[in-house]
Amino acid sequence: MKIKLTSVYVDDQEKALRFYTEVLGFTKKADFSNGPFRWLTVASPEEPDGTELQLVLNNNPAAKTYQESLFQQGQPAVMFFTDDVKGDYERIKARGAEFTMPPTAVTGSTIAMLNDTCGNLVQVVQLAHR
């Protein structure tokens, strides 16, 4: 077994697609509609056939409450791993991202957190020992 797909709720799929591709640098993997439903995924250009992130429209009341609660508590909805958190921080910040936490050393890693503009906090993590 392996993980092929994970999801994050977003309040606007078009805005999310722009953020996750133009700001974070992921590539669009799938985009098709069936009536009002839109299946939209992005993937890392480093692993184009790896795990996909589905950008799910947040039109489910229970999911919306969950998403808003995580955001208010300062909890990330998704985490991405990198080998250069400081370099990614500078690159992403230069593309207009709003960071809520600059690269910060914590036990076992350095983390940074940013607002994805679609209702979520995103954490970027560099492990201390890889």
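This text goes with the structure placed above it.
Residues numbered from 1 in each chain as written. Predicted model: local features only at pLDDT ≥ 70, side-chain atom pairs only at ≥ 80, totals over all residues. Heavy atoms only, no water.

## Focus: the sheet that holds strand β3 (residues 37–43)
- Taken in spatial order, the 4 strands of this open sheet run β1-β4-β3-β2, and their pairing is mixed. The outermost strands of the open sheet, each flanked by one partner alone, are β1 (5–10) and β2 (27–34). When the angles between neighbouring strand axes are averaged without regard to direction, this sheet yields 25°.
- Two strands pair when backbone bridges link them, and β3 and strand β4 (residues 52–57) are joined in this way by 3 bridges, in the antiparallel orientation. Paired with Val42 across the bridge in β4 is Leu53.
- Across the face of the sheet, helix α1 (residues 13–23) comes into contact with β1, β2, β3 and β4 while running at roughly 5° to β3. (Pairing = 2+ DSSP bridges. Helix = DSSP H or I, 4+ residues; strand = E, 2+ residues; numbered from the N terminus. Axes fitted to C-alpha atoms, helices over the stretch in contact; angles between N-to-C directions. Contact = heavy atoms within 4.5 Å.)

## Examining the nonpolar core
- Counting residues in each nonpolar core, the largest one holds 25 residues, and the members touching the most others are Tyr20, Leu24, Leu53, Leu55, Phe80 and Leu114.
- For this core, the secondary structure elements donating two or more residues are β1, α1, β3, β4, β5 (78–81), α3 (85–94), β7 (109–115) and β8 (121–127).
- Top element by residues in this core is α1. It accounts for 5 residues.
- Not counting residues within four places of it along the chain, the set of residues in contact with Leu24 comprises Phe19, Phe80, Arg91, Ile92, Arg95 and Leu114. (Core = buried A, V, L, I, M, F, W, Y, C linked by side-chain atoms within 4.5 Å. Buried < 20%, exposed > 50% of the residue type's maximum accessible area, 1.4 Å probe, protein only.)

## Observations regarding the pairing of β3
- Most of β3 is tucked away: 5 of the 7 residues are buried.
- Looking at chain direction, β2 and β3 are connected through 7 bridges and run antiparallel. Bridge pairing in β3 places Ser33 opposite Arg38.
- Hairpin geometry of β2 and β3 is characterised by an intervening segment of 2 residues between the two adjacent antiparallel strands and by a positive phi of about 65° at Gly35.

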